[in-house]
Amino acid sequence: LIPIVTILMTLLNDTLPLPVQQKIFAFTTGLTATEFLTATPALAKLVHQRLREIRIPTLIQDFFITYPDTLNFALLVSEDAPETPIILPIWIRIAQLSSRFSLRIFRDTDNLGLLTQLMEDQDFNEELSEMELPICLILDEEWIYQTQWGPHPQAAEPFLDKWFEQHGEY
C-alpha cells in the first residue's frame, strides 16, 4: 500500500492547485472572538456585558441576515484603548447575524506581518503605525480589500471627547 502522504506529494508535484488560498491563512492567524476574550480576561467581563446590552433594530438585522455576499471582517484593536470594549461587541454581534460573515481579531501587540500581507494591495504597512484603533478591514470572499470602518463614526466625536474629559486616565 502507498501511504496517503506519498499520494499527496505526487499530486502536489504535478502542480495541482491546493483548494485554499494563501490569504485565508493570513486571515485565520487572527483570533476568533472566543479566543480573544479567553486571552484577555480583563476585557472579557465588560465585552460580555456589552454583548447582552446590544440591541440591533429589526430592519438592520434583516439587512445583515439577507446580505447576499460573503464578508470577512479583520478587526484591529488595542487592548488598552477605551473604544475596544465598546466597538468589539458590536462587530461580534454583526458577525453573528449572517453565516456569510466571519470575524477575526488582531491585536496591535501581535505580529501583524501576515495581516499586512493580506492587505498587499494597500499601503497598509506604512499607515499601520499611525492608525487610530479600532479599525475594521472588510474583505470580500476572494480576500480582496473592500473598505474599512473606524476608528469610530464622526458623529461619535463629541461623545468621545466628553468621555475622555471624564476619564483622564486615558
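Quick caveat: nothing in here was measured; it's all calculated off a predicted structure.

Colleague: I'd like to hear about the sheet that holds strand β4 (residues 145–149), residue by residue, with values.
Modeller: Read from one edge of the open sheet, 4 strands run β2-β1-β3-β4, paired in mixed fashion. The open sheet has two edge strands with one neighbour each: β2 (101–107) and β4. Across the sheet, the mean angle from the axis of one strand to that of its neighbour is 20°, orientation sign disregarded.

Colleague: Could you give an account of the environment of Trp-163, with specific residues and numbers?
Modeller: Along the polypeptide, Trp-163 turns up in helix α9 (residues 157–166). Relative accessible area serves as the criterion here: at 26%, Trp-163 is assigned to the partly exposed category. Separated by 81 residues in sequence, Trp-163 and Pro-82 have C-alpha atoms that sit 9.6 Å apart.

Colleague: Any details on the pairing of strand β1 (residues 71–77)? Residues and values, ideally.
Modeller: Counted residue by residue, β1 has 7 buried out of 7 residues, so it is predominantly covered. By the alternation rule, side chains of β1 split into Leu-71, Phe-73, Leu-75 and Val-77 and Asn-72, Ala-74 and Leu-76, which are all buried. As defined by bridge partners, β1 adjoins β2 across 7 bridges and the pair is classed as parallel. Across the sheet, the residue bridging to Val-77 is Arg-107, located in β2. Taken together, β1, helix α6 (residues 84–96) and β2 form a β-α-β motif whose crossover is right-handed.

Colleague: Residue-level account of the packing of helix α4 (residues 41–53) against α6, with values.
Modeller: Between α4 and α6, the shortest axis-to-axis distance is 9 Å and the interhelical angle comes to 55°. Classified by the angle between their axes, α4 and α6 sit oblique to one another. Handedness of the crossing formed by α4 with α6: right-handed. The segment α4 lies against α6, with Leu-43, Leu-46, Val-47, Arg-50, Leu-51 and Arg-52 engaging Thr-84, Pro-85, Ile-86, Leu-88, Pro-89, Ile-92 and Arg-93.

Colleague: How would you sum up the environment of Cys-136? Please name residues and give values.
Modeller: Its location among the elements puts Cys-136 in strand β3 (residues 135–139). Sequence separation between Cys-136 and Gly-150 is 14 residues; the distance between their C-alpha atoms is 6.3 Å. Here Cys-136 is in contact with Phe-73, Ala-74, Leu-75, Trp-91, Thr-147, Gln-148 and Trp-149, once residues within four sequence places are set aside.

Colleague: Account for α4, naming residues and giving values.
Modeller: A rise of 1.5 Å per residue sets the reference length of α4, with its 13 residues, at 18 Å; its end C-alpha atoms lie 19 Å apart and thus fit the reference within 8%. All of the buried residues in α4 are Leu-43, Ala-44, Val-47 and Leu-51. Take α4 and look down its axis: the buried residues cluster within an arc of 105°, on one side only. Opposite the buried face of α4, by more than 90 degrees, sit the exposed residues Ala-42, Lys-45 and Arg-52.

Colleague: Requested: an account of the nonpolar core, with residues and values cited.
Modeller: Of all hydrophobic cores here, the largest spans 27 residues; its most connected members are Phe-36, Phe-73, Leu-88 and Trp-91. For this core, the secondary structure elements donating two or more residues are α3 (33–39), α4, β1, α6, β2 and β3. At 6 residues, α6 tops the list of elements feeding residues into this core. If sequence neighbours within four positions are ignored, Trp-91 has contacts with Phe-73, Leu-75, Leu-103, Cys-136, Ile-138 and Trp-149. Counting residues in hydrophobic clusters, the runner-up holds 15 residues, among them Leu-112, Leu-115, Met-119 and Leu-137.

The rules we used
Residues numbered from 1 in each chain as written. Predicted model: local features only at pLDDT ≥ 70, side-chain atom pairs only at ≥ 80, totals over all residues. Heavy atoms only, no water. Pairing = 2+ DSSP bridges. Helix = DSSP H or I, 4+ residues; strand = E, 2+ residues; numbered from the N terminus. Axes fitted to C-alpha atoms, helices over the stretch in contact; angles between N-to-C directions. Buried < 20%, exposed > 50% of the residue type's maximum accessible area, 1.4 Å probe, protein only. Right-handed = clockwise from strand over helix to strand, strands pointing away. Parallel < 35°, antiparallel > 145°, perpendicular 65-115°, else oblique. Left-handed = near helix turned anticlockwise from the far one by under 90°. Contact = heavy atoms within 4.5 Å. Expected span 1.5 Å × (residues − 1). Arc of directions from axis to C-beta. Core = buried A, V, L, I, M, F, W, Y, C linked by side-chain atoms within 4.5 Å.

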